[in-house]
Amino acid sequence: MEASTEFSLRPLMDGFGVEMRDVDLATCGPDVHRAVVETFDRHGVMVIRDQRLSPHDQMRFTNAFGTPEENPRREYTLPDIPEIYVISNKIVDGRKIGDHQAGQGWHTDSSFLAEPVKCTMLYAMEVPDEGSDTLLADLCAAWNALPPERQAELDGLQVQHSWRALMELKKVYLAPDDNTIPDVVHPMVRAHPADGRKALWVSTGTTRGIVGMPNPQGLDLLDELVAFATQDRFVYRHKWHVGDVLIWDNRCTLHTGTPFDLSKYKRHVHRTWVRGDRPN
Ligand code: SIN
């Protein structure tokens, strides 16, 4: 028998994010998954507490959002499931099982791709007592808070996103002719495909500048807009509990991980990504 779709919802912040209760993601059927995805599309961020998901359960749920994206960093994916990326500081049998620094610094996932990932899901199996909060900024609220004259100046600007820029930041050496992932240009203001709501789609780490604007002016403007969009009034701070599932919509949010005391605590999280479309 199909599980009931009568889950309950509670806003995480006024107008941003939703917490869903009374749902068991491991046992519910496709109708519930569909209803969860429809709810997610309207809220930017979703939290579902008290879950127990095997890697296959997480993949089944991820599939409800679209096509899962494999992670190219195979040293930290599950051996038999390359779409599950392990975020962890644990050492098992003398081997570091995961990446413990994933995603620190405000960004939206893989914006250096022509088709950046649509959404990201984290499932927590072990979390520190303090630290490691994940912060999510509401880029639609940030856009709506700008005065109309400012919106008119920014709407239509194009941002150059660059995988090379990210590698330079991470101090990864690339040969000068390495063009594995060429730079891409994306609009600074992005309309959400579900309902057309606009987001101030800026980021750090991957950006080289603004098309037609010299640097440092272009990069300074991007820094100014990221600082604006990540003010406390636009940010949901997720404090982790074991069993939490956190999903964010990269089309209308920025996020960052935060550090924790590695000498005191262990963290073990499974992350999946869902393939996205070209921003417009
Ligand atoms: C990420 O950005 O992918 C991970 C963020 C976190 O671990 O809190």
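Residues numbered from 1 in each chain as written. Predicted model: local features only at pLDDT ≥ 70, side-chain atom pairs only at ≥ 80, totals over all residues. Heavy atoms only, no water.

Details of the environment of Thr253
Structurally, the position occupied by Thr253 is in strand S18 (residues 253-256). Note on Thr253: relative accessible area 0%, which makes it buried. In the structure, Thr253 is positioned 75 residues away from Asp178 in sequence and 30 Å away in space, judged by C-alpha atoms. When residues no more than four places from it in sequence are discounted, the contact partners of Thr253 are Phe16, Gly44, Val45, Thr108, Ala137, Leu139 and Trp248. Here the side chain of Thr253 touches Asp249 through a polar contact of 2.6 Å, landing on its backbone oxygen. (Helix = DSSP H or I, 4+ residues; strand = E, 2+ residues; numbered from the N terminus. Buried < 20%, exposed > 50% of the residue type's maximum accessible area, 1.4 Å probe, protein only. Contact = heavy atoms within 4.5 Å. Polar contact = N/O pair within 3.5 Å; in protein donor to acceptor, adjacent residues only side chain to side chain.)

Notes on the pairing of strand S11 (residues 158-161)
Side chains Val159 and His161 of S11 all project onto a buried face; the interleaved residues Gln158 and Gln160 project onto a face where none is buried. The pairing of S11 with strand S15 (residues 207-210) spans three bridges and is classified as antiparallel. Among the inter-strand pairings, Gln160 is bridged to a residue of S15, identified as Gly209. (Pairing = 2+ DSSP bridges.)

Structural notes on the packing of aromatic side chains
In this structure the tally under the stated criterion is four aromatic pairs. Arranged with centres 5.3 Å apart and planes meeting at 85°, the rings of Phe40 and Phe65 form a pair that is edge-to-face. Of this pair, Phe40 sits in helix H1 (residues 30-43) while Phe65 sits in the loop between helix H2 (55-63) and strand S4 (68-69), and the two are 25 residues apart along the sequence. An aromatic cluster is built from Phe40, Phe61 and Phe65, whose rings are joined through pairwise contacts. (Phe/Tyr/Trp six-rings, centres within 6.5 Å; stacked < 30°, edge-to-face > 60°.)

Looking at the environment of Gly29
As for its placement among the helices and strands, Gly29 is situated in the loop between strand S2 (16-21) and H1. Here Gly29 falls in the buried class, since its relative accessible area comes to 13%. When the C-alpha positions of Gly29 and Leu157 are compared, they lie 43 Å apart, and in sequence the two are 128 residues distant.

Here we look at the pairing of strand S19 (residues 268-274)
Across the seven residues of S19, seven count as buried, placing the element largely inside the fold. The side-chain alternation of S19 yields two buried faces, one formed by His268, His270, Thr272 and Val274 and the other by Val269, Arg271 and Trp273. Where S4 and S19 come together, two bridges link them in antiparallel fashion. When the sheet's bridge partners are listed, Pro68 is paired in S19 with Val274.

Describing the sheet that holds S11
Taken in spatial order, the three strands make up an open sheet running S12-S11-S15, and their pairing is antiparallel. Of all the strands in the sheet, just strand S12 (184-187) and S15 have a single pairing partner and so form its edges. For this sheet the average axis-to-axis angle between neighbouring strands, irrespective of direction, equals 30°. Note that S11 and S12 share four bridges and pair antiparallel. Each bridged residue has a counterpart across the sheet, and for Gln158 the counterpart in S12 is Pro187. Sheet strands touched by helix H6 (residues 217-229): S11 and S15. Its angle to S15, the strand with the most contacts, is close to 105°. (Axes fitted to C-alpha atoms, helices over the stretch in contact; angles between N-to-C directions.)

A closer look at the site of the ligand
With respect to spatial proximity, the complete set of residues near the ligand consists of Ile87, Ala102, Gly103, His107, Leu122, Thr134, His255, Gly257, Arg267 and Arg271. Taking Arg271, its side chain carries an N or O atom lying 2.7 Å from an oxygen atom of the ligand. When isolated, the ligand has an accessible area of 260 Å², and the protein chains bury 99% of it. Along the lines of polarity and charge, the residues of the shell around the ligand split into three nonpolar, five polar and two charged. (Near = heavy atom within 4 Å. Areas by Shrake-Rupley, 256 points an atom, 1.4 Å probe, with all protein chains shown as cover. Nonpolar A, V, L, I, M, F, W, Y, C, P; charged D, E, K, R; others polar.)

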